[in-house]
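Chain by chain, the residues run as shown.
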Amino acid sequence: MNFSDILTMRHELMLTVLALVVLIIDLNLHNRDKHLIIPITLSLFFIHTVIGFLPSQPSILFGGMYRTNALLVMMKNILNIGVLIILLQSVTWLKKEENREKISEYFILLFSTLIGMNFMISSGDFLMFYLGLELATIPIAALAAYTHHQTKSAEAGIKLLLSSALSSGILLFGISLIYGSTGSIYFDAVVQQYANTPLQILAFIFFFTGMAFKLSLVPFHLWTADVYEGAPINVTSYLSVISKGAAAFILIILMFTVFNTIAPIYNHMLYLIAVLTMTIGNLFALRQKNMKRFLAFSSIAQAGFILLGIMGGNTMGMTSVIYFVLVYIFSNLGAFGVVSAISTVTGKESMDDYDGLYATNPKLSLLMMLALFSLAGIPPVAGFFGKFFLFQSAASAGYYWLVFIAVLNATASLYYYLLVVKAMFINKNETPLIYIKSDLATRTGLVLSGLGIFVLGFWSQIYEIINSLSFGIIH
Amino acid sequence: MNILNLFVIIPMLTVGGILLTKDLKQARLVSAIGMGMQLILSGVLVYLYLAERSAGNTSTLLFMYDAVWFPSLGIHYALGVDGISVAMIALTGIVVFAGIFASWKMEFLPREFFISLIILATGVFGFFISIDLFTMFLFYELAVIPMYLLIGIWGTGPKEYSAMKLTLMLMAGSAMLLVGILGIYFFSAPAGSPLTFNIMEISKVHIPIEMQRFLFPFTFVGFGILGALFPFHTWSPDGHASAPTAVSMLHAGVLMKLGGYGAFRVAIFLMPEAAHEQAWIFLILTSISVVYGAFSAIVQKDLKYINAYSSVSHCGLVLFAVLMMNQTAMNGAIIQMISHGLMTALFFALIGMIYGRTHTRLINEMGGLMKVIPFLGAVYVIAGLASLGLPGFSGFVAEMTIFVGAYQHTDVFHRVMTIIAASSIVITAVYILRVVGILLLGPIKNDHFLHLDDAKWYERISTVTLVLAITAIGTAPLWLSNMINFSLAPIVERLSAIQITGLF
């Protein structure tokens with residue numbers, strides 16, 4: 001192991017160093033100065049994000065357990081940008097009185113999960129993959145119970161921990177079956193041995209179940225609404241965007257490389273799950289009044305769309321998935337950012353409280369509208385492009401009826417997104433929410449989300465860069 | 001700078017300008033200037049187009065502009081116009097201009113109103129100038145979404161319901177359209193060549209007939225929902241009735257023409273074999289639109305609903321004519337698009353002006369208005385006569401051409417459909433004259449109406465613009481007809497080649 005190897009692992013190493021630095025600073029600060037951690041951590045994380053964009057060499061470490069190339073680095077960078085926006089949005093909430101004691105814990109736990117996700121993406125065998133997955137899951141459960149004196153938050157934490165444990169167990173069982181039938185846990189070796197034997201298909205199903213849990217696909221979505229509602233808003237943002245995004249990334253890589261031989265078989269399964277996920281996500285979102293639950297169900301439906309890209313099976317498929325996750329990060333963080341800004345100041349989370357919001361908070365309402373339009377897939381914002389390219393990749397594999405069902409679901413989702421727009425712009429309210437003055441960090445986060453929503457669609461260069469790094473199913 | 005790019009840049013600059021204004025007066029001034037420039041630009045485009053043609057330029061599309069956008073997906077930002085597009089752009093320019101003046105007194109959130117209106121206009125202009133399917137689709141959806149805000153915030157009556165119904169149904173139409181477009185894309189080149197979204201490129205390729213049979217209904221119905229195809233027209237009456245004046249003008253006048261134009265330019269042009277095979281189904285549906293829309297208009301009591309159903313009927317006629325797929329009928333279809341666009345814009349403008357004075361839209365509560373507001377009354381009569389097809393106005397030219405063209409088909413089915421559709425002329429006369437009689441003539445029902453003001457200067461601008469356009473087309477239609485005919489020729493050639501050589 002030499003210096004260039006250390007450089008290869010820079011994402012994970014920098015994050016570890018960052019977490020340790022936060023811990024050390026926290027130990028040395030007096031209680032009244034604890035809030036200083038926030039700007040320090042934010043700047044360090046910003047530096048980490050920037051360094052992440054520096055060019056790197058593809059390489060393999062630890063005998064094949066860890067690998068990195070331009071595609072994986074790009075995925076990690078996308079996640080970094082998302083986490084940066086979430087950190088910006090968390091600032092106001094962290095400065096609140098009840099959270100002052102636990103500021104550094106928040107950052108350390110968050111960075112731990114991010115390290116886990118980075119390892120998961122960079123894994124070269126199932127062991128590293130599982131380690132990364134566990135490292136990504138357990139601190140999140142602690143984060144979900146961050147405000148543990150509120151019963152809902154504690155409930156969310158326990159639910160997440162237990163459900164994750166069960167799904168991890170099933171996933172591990174799948175991995176053990178893979179090892180048993182192929183004789184190896186290294187991806188490169190497994191793919192050579194993988195055929196359509198029933199045992200291996202069963203192993204894949206168990207494995208997929210574990211991943212489907214993280215992606216909140218139906219029927220593994222039951223934890224989503226309660227956990228999203230109970231956890232603090234910024235943890236919910238993280239779960240809905242980064243956790244899902246990382247799972248989508250690693251899933252598509254594995255399905256295109258390790259499990260490529262059973263592609264015709266898993267496509268049937270994905271078809272059914274995609275239809276179920278989009279439909280049920282939409283159906284349940286229709287009736288939600290709590291904004292966090294509302295966005296939870298909407299993100300379940302969005303995950304269904306990601307499956308369409310996977311079914312494309314070609315370069316266009318992978319590119320559209322990565323691009324969609326990027327756009328989804330900005331759109332969802334835009335929506336969550338507005339909800340967070342409002343909830344942190346006023347504590348109100350219900351859609352009824354948003355009535356007449358345009359009168360007092362025009363900019364917040366406009367950003368929310370743009371974010372919702374992006375989630376619905378309406379031009380000219382980026383969500384339109386993201387969805388269109390996903391549909392294009394599914395159509396390239398001939399799944400026209402699936403595309404039709406998907407687009408109808410997108411239209412149905414427009415209905416409930418418009419309900420929020422209706423509340424903000426059309427419904428009359430005698431007492432709308434007061435004008436919410438956001439501090440610099442929140443405003444920066446919101447502006448970043450808004451910029452992303454607008455620019456990502458028209459700036460085709462980004463899509464082309466992703467496309468140059470992606471690959472289709474390797475036959 | 002390509003002239004076509006200006007059609008999108010000027011509205012965007014206008015929106016930017018409105019963002020800097022502070023109140024109604026400034027907002028409407030900026031909008032009027034912006035859309036006035038757009039109208040002049042449309043006129044310039046018509047002039048330049050005719051100049052190019054008379055100079056001997058015979059290429060299918062003029063003023064082309066192509067910028068690669070997403071190379072790996074074959075998406076280009078491709079623009080180009082032919083005679084038909086130019087005519088539609090001129091229509092849009094006139095109607096948008098008239099619409100701005102019809103909203104001169106919009107007191108509630110004026111800046112947001114004008115911004116949404118102009119974004120709507122941008123979507124429409126962009127749709128007419130694009131020749132890349134992705135770009136067309138982007139502008140098409142862009143034109144639908146401001147409708148929700150415009151009707152929901154500034155509308156009347158059951159506005160939230162109407163706005164939601166309209167938006168969802170039109171989006172469902174886009175859903176079907178998306179499937180069609182993607183299908184066309186993946187068959188846009190023979191195996192091995194790069195795929196493309198460009199309409200002209202695709203028109204040179206033969207899409208396999210099985211795919212055409214699958215894609216044509218999706219595409220045609222997708223556009224047809226916007227073009228008031230029965231039974232998907234149900235968004236239209238509530239949508240138009242609840243919308244504010246300028247929005248109804250724009251929507252019935254221009255947006256519904258997107259449906260007709262799209263059905264013709266994308267569905268029939270790119271999939272002619274399937275169009276021939278399946279035309280009979282849609283002919284039945286459109287004939288029902290035409291007749292049912294007209295009958296429904298007879299029983300309405302609310303002025304806006306009458307006009308909304310009338311729009312269903314006339315736009316159905318556009319689709320009817322387009323499905324006839326011969327030179328004369330398609331020519332008539334396009335003239336009908338322009339003629340009806342102008343007429344219905346005029347009607348909605350007038351209804352808005354009358355409502356602003358009498359505060360009722362129910363015809364039974366009004367009467368004898370000709371004595372009180374003679375200018376508006378006279379213009380209403382003109383609009384009515386144009387709508388029922390009086391020679392001298394554009395309605396006659398359009399309907400005459402359509403029915404002559406439709407009757408050129410010698411088989412029983414087409415002729416029966418033509419006769420059924422032509423019966424709508426009589427039904428239209430019934431509801432138009434009835435309304436004119438009850439509304440404008442006879443005794444004055446309400447004493448408050450004795451002191452109504454006649455049209456103000458901005459209302460006169462709005463209405464006179466439209467009347468002039470209608471009369472110009474009605475009395476001297478040949479310049480328009482020739483412009484359209486020239487651009488129709490290659491399309492009709494493609495359609496009749498299919499008919500002669502048969503399906504292969």
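Not measured: the values here are computed from a predicted model. Note on numbering: residues in each chain are counted from 1, in written sequence order. Lettering of chains starts at A and numbering of ligands starts at 1, both following the order in which they are written. The predicted nature of this model means local features are confined to residues of pLDDT at least 70 and side-chain atom pairs, given and counted, to a pLDDT of 80 or more, with totals for whole chains, interfaces and linings taken over all residues. Derived side-chain values reflect all non-hydrogen atoms in the structure, with water molecules and hydrogen atoms excluded from consideration.

## What to know about the overall build of chain B
For the record, the criterion: Under the DSSP-based scheme used, a helix requires at least four consecutive residues in state H or I and a strand at least two consecutive residues in state E, with every element numbered from the N terminus. C-alpha atoms define the radius of gyration in this analysis, and the globule rule sets the expected value at 2.2 Å times the number of residues to the power 0.38. Accessibility here uses a 1.4 Å probe with only protein chains present; expressed as a share of the type maximum, an area under 20% marks a residue as buried, one over 50% as exposed, and anything in between as partly exposed. Any two residues whose heavy atoms approach within 4.5 Å at even a single point are treated as in contact. Computed by Shrake-Rupley with a 1.4 Å probe, the accessible areas treat only the displayed protein chains as cover when residues are assessed.
Counting its regular elements, chain B contains 19 helices and 2 strands. Taken over the C-alpha trace, chain B has a radius of gyration of 22 Å; the compact-globule value for 504 residues is 23 Å, and the two agree within 12%. By principal-axis analysis of the C-alpha atoms, chain B measures approximately 75 × 55 × 45 Å. For chain B, the proportion of its 504 residues judged to be buried stands at 66%. Considering only contacts in chain B between residues 6 or more positions apart, those separated by 24 or more positions represent 81%. In the structure as shown, chain B presents an accessible area of about 16,100 Å², 70% of it carried by carbon and sulfur atoms.

## Quick notes on the interface of chain A and chain B
One widely used convention gives an interface's size as the accessible area the parts lose upon coming together. For clarity, the threshold we go by: Two parts placed together each lose some accessible area; with a 1.4 Å probe, that loss summed over both constitutes the buried area. Any carboxyl oxygen of Asp or Glu that lies within 4 Å of a side-chain nitrogen of Lys or Arg is treated as forming a salt bridge with it. What qualifies as a polar contact is a pair of N or O atoms within 3.5 Å, subject to a donor-acceptor requirement within protein and to the restriction that residues adjacent in sequence count only when both atoms come from side chains.
Every contact between the two is made by 38 residues of chain A and, on the other side, 39 residues of chain B. For the pairing of chain A and chain B, the buried interface totals around 3,500 Å² over both sides, and the portion due to carbon and sulfur atoms is 83%. For chain A, the biggest contributors to the area lost against chain B are Phe 388, Tyr 400 and Ile 426 of chain A; these three give 20% of the whole. Counting the contacts that link chain A with chain B gives 0 salt bridges. Taken together, chain A and chain B are joined by 5 residue pairs in polar contact (both at pLDDT 80 or more). With 15 residues, helix 18 (residues 400–426) of chain A is the single largest residue contributor to the side of chain A that touches chain B.

## What to know about unusual backbone geometry
Cis peptide bonds are those with omega within 30 degrees of zero, and the linkage from Val 218 of chain A to Pro 219 of chain A qualifies with 0 degrees. Considering the arrangement of structural elements, one finds Pro 219 of chain A in the loop between helix 9 (198–215) and helix 10 (224–230). Cis rather than trans, the peptide bond between Phe 230 of chain B and Pro 231 of chain B has omega equal to -5 degrees. Mapped onto the elements, Pro 231 of chain B comes out in the loop between helix 8 (209–226) and helix 9 (235–242). Its identity is not glycine, yet Phe 62 of chain A carries a phi of approximately 50 degrees, on the positive side. Structurally, Phe 62 of chain A is set in the loop between strand 1 (59–61) and strand 2 (66–68). Look at Phe 62 of chain A and you get partly exposed, because its relative accessible area is 43%.

## Focus on empty space enclosed by the protein
Here is the rule we go by: Note on definitions: the grid is 1 Å and covers protein atoms alone; a cavity is a set of points where a 1.4 Å probe fits but cannot get out; a pocket is an open set with protein on both sides within 12 Å along at least five of seven lines; lining residues have an atom within 4 Å of a point. Grid points are joined across faces, edges and corners, and a volume is the space filled by probe spheres set on the points. Gly falls in the polar group here, along with every residue not listed as nonpolar (Ala, Val, Leu, Ile, Met, Phe, Trp, Tyr, Cys, Pro) or charged (Asp, Glu, Lys, Arg).
Applying the stated criterion across every chain yields a total of 5 cavities of 30 Å³ or more. Of the voids in this model, the largest cavity is the one considered here, and its volume is about 160 Å³. Forming the boundary of the largest cavity are 17 residues, of which Ala 376, Gly 377, Val 407 and Ala 410 of chain A together with Glu 141 of chain B lie nearest the centre. Elements that contribute at least two residues to the lining of the largest cavity include exactly helix 17 (382–396) and helix 18 of chain A together with helix 5 (133–154) and helix 6 (159–186) of chain B. Residue classes in the lining of the largest cavity are distributed as 12 nonpolar, 3 polar and 2 charged. Taken as a whole, the second largest cavity spans an internal volume of roughly 90 Å³. What lines the second largest cavity is Leu 303, Ile 306, Asn 307, Ser 310, Phe 347, Ile 351, Tyr 380, Gly 384, Tyr 431, Ile 432, Val 435 and Val 436 of chain B.

## Describing the packing of aromatic side chains
All names here are of chain B. Which entries qualify depends on this criterion: Put simply, two rings from Phe, Tyr or Trp (the six-membered ring, in Trp's case) pair if the centres are within 6.5 Å, and we call them stacked under 30 degrees between planes, edge-to-face over 60, tilted for the rest. Think of it as a cone above the ring: NZ of Lys or CZ of Arg counts as a charge over the ring if it is within 6 Å of the ring centre and within 35 degrees of the ring normal.
Per the counting criterion, the structure on display carries 79 aromatic pairs over all chains. For the pair Tyr 65 and Tyr 77, a centre-to-centre distance of 6.4 Å together with 80 degrees between the ring planes defines the contact as edge-to-face. In this pair, Tyr 65 sits in strand 1 (residues 62–70) while Tyr 77 sits in strand 2 (residues 75–81), placing the two residues 12 residues apart along the sequence. Seen from the ring of Phe 269, Arg 494 lies directly overhead, with NZ or CZ sitting 6.0 Å from the centre.

## Description of the pattern of salt bridges
Residue and element names in this part refer to chain A. On inspection of all chains with the given rule, the structure shows 14 salt bridges over all chains. Glu 349 serves as the salt-bridge partner of Lys 292, at 3.3 Å between the closest nitrogen and oxygen. Placement of the pair is Lys 292 in helix 13 (residues 291–312) and Glu 349 in the loop between helix 14 (315–346) and helix 15 (357–360), with a sequence separation of 57 residues. What makes Lys 292 buried here is its relative accessible area of 4%. Glu 349 gets classed as partly exposed once you look at its relative accessible area, which sits at 21%.

## Digging into the nonpolar core
Under the convention used in this document: Remark: nonpolar core denotes a set of buried residues (Ala, Val, Leu, Ile, Met, Phe, Trp, Tyr, Cys) joined through side-chain atoms within 4.5 Å.
Membership of the largest hydrophobic core comes to 398 residues, with the highest contact counts inside it found for Tyr 106 and Phe 259 of chain A. The residues contacting Tyr 106 of chain A, other than those within four sequence positions of it, are Ile 86, Leu 87, Ser 90, Trp 93, Leu 94, Leu 143, Tyr 146, Asn 234 and Val 235 of chain A.

## A short note on the environment of His 251 of chain B
Residue and element names in this part refer to chain B. As for its position among the elements, His 251 is in helix 10 (residues 245–270). For the pair His 251 and Met 147, spaced 104 residues apart in sequence, the C-alpha separation works out to 8.5 Å. Among residues more than four places away in sequence, those in contact with His 251 are Met 147, Leu 166, Leu 170, Leu 226, Trp 235, His 240 and Met 256.

## Some remarks on the environment of Gly 230 of chain A
Residue and element names in this part refer to chain A. Its place among the elements puts Gly 230 in helix 10. A relative accessible area of 6% means that Gly 230 is categorised as buried. When the C-alpha positions of Gly 230 and Ser 153 are compared, they lie 4.4 Å apart, and in sequence the two are 77 residues distant. Apart from the residues within four sequence positions on either side, Gly 230 is in contact with Lys 152, Ser 153 and Ala 156.

## Concerning a nonpolar patch on the surface
All names here are of chain A. Let me state the cut-off plainly: A patch is a set of surface residues, each over 30% in relative accessible area and not in a salt bridge, joined within 9 Å for like charges and within 5 Å for the nonpolar side chains Val, Leu, Ile, Met, Phe, Trp and Tyr.
Residues Leu 36, Ile 40, Leu 44, Phe 46, Ile 47 and Val 50 make up a contiguous nonpolar surface patch of about 480 Å² in total accessible area. The residue Leu 44 is located in helix 3 (residues 37–52) in this model. For Leu 44, a relative accessible area of 32% puts it in the partly exposed group.

## Notes on the layout of surface pockets
Space inside the largest pocket adds up to approximately 1,400 Å³. Lining the largest pocket are 41 residues, and of these Pro 380 and Phe 454 of chain A together with Val 15, Ile 115 and Ile 119 of chain B sit closest to its centre. Contributing elements (two or more residues each) for the lining of the largest pocket: helix 16 (362–376) and helix 19 (440–458) of chain A together with helix 1 (3–20), strand 1, helix 4 (110–129) and helix 5 of chain B. Counting residues per element, the lining of the largest pocket draws most heavily on helix 5 of chain B, at 9 residues. For the lining of the largest pocket, the residue count by class is 33 nonpolar, 5 polar and 3 charged.

## Description of helix 12 (residues 303–324) of chain B
Residue and element names in this part refer to chain B. We apply this condition: Here a helix's expected span is defined as the number of its residues, less one, multiplied by 1.5 Å.
When the terminal C-alpha atoms of helix 12 are compared, their 32 Å separation across 22 residues agrees well with the 32 Å that a helix rising 1.5 Å per residue should span. Its side-chain oxygen placed 2.9 Å from the backbone nitrogen of Lys 304, Asp 302 serves as the N-cap of helix 12. At the exit of helix 12 stands Met 325, carrying a positive phi of roughly 55 degrees.

## What about the side chain of Ser 236 of chain B?
Of note, Ser 236 of chain B is situated in helix 9. Accessibility expressed as a relative area gives 0% for Ser 236 of chain B, which makes it buried.

## Quick word on helix 2 (residues 24–54) of chain B
In this model helix 2 of chain B runs 44 Å from its N-terminal to its C-terminal C-alpha over 31 residues, within 8% of the 45 Å that 1.5 Å per residue would give. Following helix 2 of chain B by one or two positions, Gly 56 of chain B adopts a phi angle in the positive range, close to 100 degrees.

## What to know about the packing of helix 14 of chain A against helix 17 of chain A
Relative orientation and spacing of two packed helices are given, respectively, by the angle between their axes and the distance between those axes. Residues and elements named next belong to chain A. To keep it simple, the criterion reads: Each axis is a line fitted through C-alpha atoms, and for a helix only the stretch in contact is used; angles between axes span 0 to 180 degrees, taken between their N-to-C directions. Under this scheme an angle from 65 to 115 degrees is roughly perpendicular, one under 35 degrees roughly parallel, and one over 145 degrees roughly antiparallel; angles in between are oblique. Left-handed describes a crossing whose near helix is turned anticlockwise from the far helix through less than a right angle; right-handed describes the clockwise counterpart.
Where helix 14 meets helix 17, the axes come as close as 9 Å, and the angle between the chain directions of the two elements is 155 degrees. The orientation of helix 14 relative to helix 17 falls into the category roughly antiparallel. Like other packed secondary-structure pairs, helix 14 and helix 17 cross with a definite hand, here left-handed. Residues Met 316, Gly 317, Ser 320, Val 321, Tyr 323, Phe 324 and Val 327 of helix 14 form the contact with helix 17, whose own contacting residues are Ala 382, Gly 383, Phe 385, Gly 386, Lys 387, Phe 389, Leu 390, Gln 392 and Ser 393. For the contact of helix 14 with helix 17, the residue count by class is 9 nonpolar, 6 polar and 1 charged.

## Here's the deal with the packing of helix 12 (residues 263–285) of chain A against helix 13 of chain A
Residues and elements named next belong to chain A. Where helix 12 meets helix 13, the axes come as close as 8 Å, and the angle between the chain directions of the two elements is 160 degrees. By the angle between their axes, helix 12 is roughly antiparallel relative to helix 13. Helix 13 is crossed by helix 12, and the crossing has left-handed handedness. Contacts from Asn 267, Leu 270, Tyr 271, Ile 273, Ala 274, Thr 277, Met 278, Gly 281, Asn 282, Phe 284 and Ala 285 in helix 12 reach Phe 294, Phe 297, Ser 298, Ile 300, Ala 301, Gly 304, Phe 305, Leu 307, Leu 308, Ile 310 and Met 311 in helix 13. Grouping the constituent residues of the contact of helix 12 with helix 13 by class yields 16 nonpolar, 6 polar and no charged.

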